[in-house]
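Fold and geometry: a report
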Amino acid sequence: EAQVTQNPRYLITVTGKKLTVTCSQNMNHEYMSWYRQDPGLGLRQIYYSMNVEVTDKGDVPEGYKVSRKEKRNFPLILESPSPNQTSLYFCASSSEGLAGSNEQFFGPGTRLTVL
Amino acid sequence: AQKITQTQPGMFVQEKEAVTLDCTYDTSDQSYGLFWYKQPSSGEMIFLIYQGSYDEQNATEGRYSLNFQKARKSANLVISASQLGDSAMYFCAMRERWAYSGGGADGLTFGKGTHLIIQP
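Let me sum up the structure you'll find in this document.

1. Examining the overall build of chain B
On a plain count of helices and strands, chain B comes out with zero helices and twelve strands. From first element to last, N terminus to C terminus, chain B shows the α and β order β-β-β-β-β-β-β-β-β-β-β-β. Taking 2.2 N^0.38 as the reference for a compact globule, 120 residues should give roughly 14 Å; the C-alpha atoms of chain B span a radius of gyration of 14 Å, in line with that estimate. With the C-alpha coordinates aligned to their principal axes, the bounding extent of chain B is approximately 50 × 30 × 20 Å. The 120 residues of chain B split such that 48% are buried. For chain B, the distance from the average position of its 10 positive side-chain charges to the average position of its 12 negative side-chain charges is 3 Å.

2. Looking at the packing of aromatic side chains
Summed over all chains, the structure comprises 14 aromatic pairs over all chains. Ring plane angle 55° and centroid distance 5.2 Å describe the contact between B:Y25 and B:Y32, whose orientation is recorded as tilted. In this pair, the class of B:Y25 matches that of B:Y32, namely buried. Here the aromatic residues A:Y35, A:F90, A:F106, B:F35, B:Y37, B:F47, B:Y50, B:F91 and B:F110 are joined through ring pairs into a cluster of three or more. Residue placement shows B:R63 over the ring face of B:Y64; its charged tip is 5.7 Å from the ring centre. Against the face of A:Y31 rests B:R95, its NZ or CZ located 4.7 Å from the ring centre.

3. Structural notes on the pattern of salt bridges
All names here are of chain A. Applying the stated criterion across every chain yields a total of seven salt bridges over all chains. Salt-bridge contacts for K71 lead to E30; the nearest nitrogen and oxygen are separated by 3.8 Å. You can see K71 sitting in the loop between β7 (65–66) and β8 (76–78) and its partner E30 sitting in the loop between β3 (19–25) and β4 (31–38), a full 41 residues away along the chain. According to the relative accessible area criterion, K71 is partly exposed, its value standing at 26%. In this structure, the salt-bridge partner of K65 is E79, at a minimum N-O distance of 2.9 Å.

4. Examining the state of the cysteines
A full pass over the atoms with the stated rule returns two disulfides over all chains. The disulfide that involves A:C23 links it to A:C91, with 1.8 Å between the sulfurs. One disulfide, between A:C23 and A:C91, carries an S-S torsion of -75° and so falls in the left-handed class. Of this pair, A:C23 sits in strand β3 while A:C91 sits in strand β9 (residues 87–94), and the two are 68 residues apart along the sequence. For A:C91, a relative accessible area of 0% translates into the label buried. In this model B:C23 forms its disulfide with B:C92; the gap between the sulfur atoms is 2.0 Å. Linking B:C23 and B:C92, the disulfide has an S-S dihedral of approximately -60° and is accordingly described as left-handed. Note that B:C23 is positioned in the loop between β3 (19–21) and β4 (24–25) and B:C92 in strand β10 (residues 88–96), a separation of 69 residues in sequence. Here B:C23 matches B:C92 in class, with each residue buried.

5. Comments concerning a nonpolar patch on the surface
All names here are of chain A. Taken together, the side chains of I12, V14 and L115 make up a nonpolar region of the molecular surface, amounting to roughly 320 Å² of accessible area. By secondary structure assignment, the location of V14 is in the loop between β2 (10–13) and β3. On the basis of relative accessible area, V14 is assigned to the partly exposed category, the value being 44%.

6. A short note on the pairing of β4(A)
Residue and element names in this part refer to chain A. With eight of its eight residues buried, β4 lies for the most part within the structure. A two-sided burial pattern is seen for β4, the buried positions comprising Y31, S33, Y35 and Q37 on one face and M32, W34, R36 and D38 on the other. The sheet contact formed by β4 and β9 spans seven bridges and is antiparallel. When the bridges of β9 are listed, Q37 appears paired with L88. Relative to strand β5 (residues 42–51), β4 runs antiparallel, the two sharing seven bridges.

7. Quick look at the side chain of A:R36
Residues and elements named next belong to chain A. Structurally, R36 is set in strand β4. Residue R36 is classed as buried on the basis of its relative accessible area of 9%. One polar contact links the side chain of R36 to the main-chain carbonyl oxygen of N84, over a distance of 2.9 Å. R36 has contacts with G42, L43, R44, I46, V60, Y64, N84, Q85, T86, S87, L88 and Y89, leaving out every residue within four places of it along the chain.

Cut-offs used in this document
Residues numbered from 1 in each chain as written. Chains lettered and ligands numbered in written order. Predicted model: local features only at pLDDT ≥ 70, side-chain atom pairs only at ≥ 80, totals over all residues. Heavy atoms only, no water. Helix = DSSP H or I, 4+ residues; strand = E, 2+ residues; numbered from the N terminus. Rg over C-alpha atoms; globule rule 2.2 N^0.38 Å. Buried < 20%, exposed > 50% of the residue type's maximum accessible area, 1.4 Å probe, protein only. Lys, Arg positive; Asp, Glu negative; His and termini not counted. Charge placed at Lys NZ, Arg CZ, Asp CG, Glu CD. Phe/Tyr/Trp six-rings, centres within 6.5 Å; stacked < 30°, edge-to-face > 60°. Lys NZ or Arg CZ within 6 Å of the ring centre and 35° of its normal. Salt bridge = Lys/Arg side-chain N within 4 Å of Asp/Glu carboxyl O. Disulfide = S-S within 2.5 Å. Patch = residues over 30% accessible without salt bridge, like charges linked within 9 Å, V, L, I, M, F, W, Y side chains within 5 Å. Areas by Shrake-Rupley, 256 points an atom, 1.4 Å probe, with all protein chains shown as cover. Pairing = 2+ DSSP bridges. Polar contact = N/O pair within 3.5 Å; in protein donor to acceptor, adjacent residues only side chain to side chain. Contact = heavy atoms within 4.5 Å.

As structure tokens, then:
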């Protein structure tokens, strides 16, 4: 089954404790992206990757890091989480290029709480 | 200025009625794509429908259709014969082509969403 998986699905942590949210897709997609969703703000892009070893900032990259060492994986790293990073996080992937629908397949989401 | 505007924070609709969810967008690009996603209370993002800026026909997918008015920069979602299971948050989103030529971040820009509640 074609899918994007994220782990963990739920996480409660404390300020300053480094964490990683994993994302993996099995569709051989070149493009992967991270979004955060906050009430009343919709989804905002954090980082994206056009292919292996190619990453770039989205609209709200501060406080986050990413890496793309393999095509299927795109982990999101919070080196020193703060309470304002409490949010619902989505990983997404799609095939490269804008031709056609380029539907972005979303993972199930990770609900993060930073105390 | 917001790139995607959804003016209806919430809507109550009677079951079996048709629903129109509004979306207006702002772009100076000629090539772009418009998407609608559904987010039920369980939280996942479900792709509903896509419209390309050069598509001459309005997109349709089952009970979903997209009323695309390019000159007005609007891309309203129409749900025919609404069902109780349609109750959810609905997001309009846009992907612009200029991002590919180094103009900026590449990804979807989302509106703030419309909370649709279908009443029996």
